[in-house]
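Structural features, examined
Listed below, chain by chain, are the residues.
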Amino acid sequence: MSIIIINTTKVTSTSISAHTRNAIILSEKIGCPIIGTYEECELLDANSFKYFVIVGSAFYPNTAKIERWIRTNSNAKIVWINNECTTSPNSEYARLIKDFYSIIITSVEEKNKVKGYNELHFLNLNALIWKPPIKAVSKKYNCIYYGTYRTGRRVYLQEYLKENLVHLSSSKKNLRRIQQLCGADAIFCDKLSWEKGRETLNNFKYSIYVEDEFSHNVFTNLANRFYECLFCNVVQFFDINCKKTIARSVYNIDEKYYVKDFNELKQKINEFDFKKCIEEQSIWNRMARFEKEKTIAEIKKILK
């Protein structure tokens, strides 16, 4: 296959951002090279490739140079892959999408921010992050919420981040915003590591799953966090406002795992049998494997 994957930031073996980890997974499963910097482009002939698959969610200062390199191939096909509902291509990639035959692959069902494309495919890109459950360890901590801050999550973070019940993991910038805008009373901790065999999330028993208000009405698939908790042996509680999204997913989640407020979350954490819960939720791994394999097969078909 004459395919190259271009990540929108430098690729390292310890990258923690979801879009970079997805880019690495796609490179391995499709069997194609992956680059993240212009210096890497300079070593390659753009005319050796048919598809330029851009996996985006970050700003890279030399994007204009990468754009210039791609344009040396007048027959290039541009593929923009993105699983973030709030992200759109920067101006250089947006120009490529407009000027060349372009394919958009997204996890967001509608209200797509990209303009001027030729094909649009709706796939569950979030499932790419799943892998078989890792070896369970003795759990050191109770409950965690992790992820970025968005305005549409504020009311839910205000509800659940109380009494230091929940560990809160995010970037330093997001931790400050959550504390200032949500009045969070949580145990603050560093961003999680996804290094193989040292996944921080595996040290937690429970997580609280909330979503943006946007996702209540626009189907964006279950988040990366859902699949990460599955392979890290973490029992998940779901804010009741996520029911609409879950109903459209392939998962049949028992009512007991929904919570409507902080008090219910606290009660269930204190009363539920963790081992029994993880046994029940581990069944979801079978479907997660199917979703991942289906997404990879569909991407291969698109890039044939």
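Residues numbered from 1 in each chain as written. Predicted model: local features only at pLDDT ≥ 70, side-chain atom pairs only at ≥ 80, totals over all residues. Heavy atoms only, no water.

**A word on the nonpolar core**
In this structure, I208, F226, Y227, F238 and L265 are the most contacted members of the largest nonpolar core, which totals 45 residues. Apart from the residues within four sequence positions on either side, I208 is in contact with C143, I144, Y145, Y160, V166, F237, F238, D239, V259 and L265. Core analysis: the next-biggest nonpolar cluster, separate from the first, contains 22 residues, A46, A76, I78 and W80 among them. (Core = buried A, V, L, I, M, F, W, Y, C linked by side-chain atoms within 4.5 Å. Buried < 20%, exposed > 50% of the residue type's maximum accessible area, 1.4 Å probe, protein only. Contact = heavy atoms within 4.5 Å.)

**A short note on the sheet that holds strand β9 (residues 187–189)**
Pairing is parallel across the open sheet formed by 6 strands, whose spatial order is β9-β8-β7-β10-β11-β12. Because the sheet does not close on itself, it has two edges, and the strands there are β9 and β12 (258–259). Bridge count for strand β7 (residues 141–146) against strand β10 (residues 204–209) is 3 bridges, and the pairing is parallel. Among the inter-strand pairings, I144 is bridged to a residue of β10, identified as S207. Here helix α8 (residues 224–231) sits on the sheet and contacts β7, β10 and β11 (235–239); the angle it forms with β11, its principal contact strand, is near 155°. (Pairing = 2+ DSSP bridges. Helix = DSSP H or I, 4+ residues; strand = E, 2+ residues; numbered from the N terminus. Axes fitted to C-alpha atoms, helices over the stretch in contact; angles between N-to-C directions.)

**Comments concerning the sheet that holds strand β2 (residues 34–35)**
Taken together, the 6 strands give an open sheet; going across it, the order is β2-β1-β3-β4-β5-β6, and neighbouring strands pair in parallel fashion. If you trace the sheet from one side to the other, it starts and ends with β2 and β6 (119–122), each paired once. Here 5 bridges tie strand β1 (residues 3–7) to strand β3 (residues 51–55), and the two strands are oriented parallel to one another. Counted as the bridge partner of N7 is V55 from β3.

**A few points about the packing of aromatic side chains**
Under the counting rule described, the total for this entry stands at 21 aromatic pairs. With 6.2 Å between their ring centres and 55° between their planes, Y146 and W194 make a pair best called tilted. With Y146 in strand β7 and W194 in the loop between β9 and β10, the pair connects residues that are 48 residues apart, well separated along the chain. An aromatic cluster is defined as three or more aromatic residues linked by ring pairs; in this entry it consists of Y206, Y209, F226, Y227, F237, F238, Y251, Y257, Y258, F272, F274 and W284. If you follow R225 out to its NZ or CZ, it ends over the ring of Y209, 4.9 Å from the centre. (Phe/Tyr/Trp six-rings, centres within 6.5 Å; stacked < 30°, edge-to-face > 60°. Lys NZ or Arg CZ within 6 Å of the ring centre and 35° of its normal.)

**Examining the pairing of strand β4 (residues 77–82)**
β4 sits mainly inside the fold: 5 of its 6 residues count as buried. Looking at chain direction, β3 and β4 are connected through 5 bridges and run parallel. Residue pairing in the sheet places Y51 in a bridge with K77 of β4. Where β4 and strand β5 (residues 101–106) come together, 6 bridges link them in parallel fashion. Along β5, the bridge assignment pairs V79 with I103.

**Considering the pattern of salt bridges**
One pass over the structure, following the stated rule, counts 14 salt bridges. With a shortest N-O distance of 2.9 Å, R150 and D212 are connected by a salt bridge. Here R150 is found in the loop between β7 and α5 (154–160), whereas its partner D212 is found in the loop between β10 and α7 (214–217), with 62 residues between them in sequence. Taking relative accessible area as the criterion, R150 reaches 15% and is therefore assigned buried. A residue is classified by how much of its surface remains accessible, and D212, at 6% relative accessible area, is buried. Residue E163 is joined to K266 by a salt bridge in which the shortest nitrogen-to-oxygen separation is 2.9 Å. In this pair, E163 sits in the loop between α5 and β8 (166–169) while K266 sits in helix α10 (residues 262–271), placing the two residues 103 residues apart along the sequence. Salt bridges sharing common partners tie together E67, R71, R95 and D99. (Salt bridge = Lys/Arg side-chain N within 4 Å of Asp/Glu carboxyl O.)

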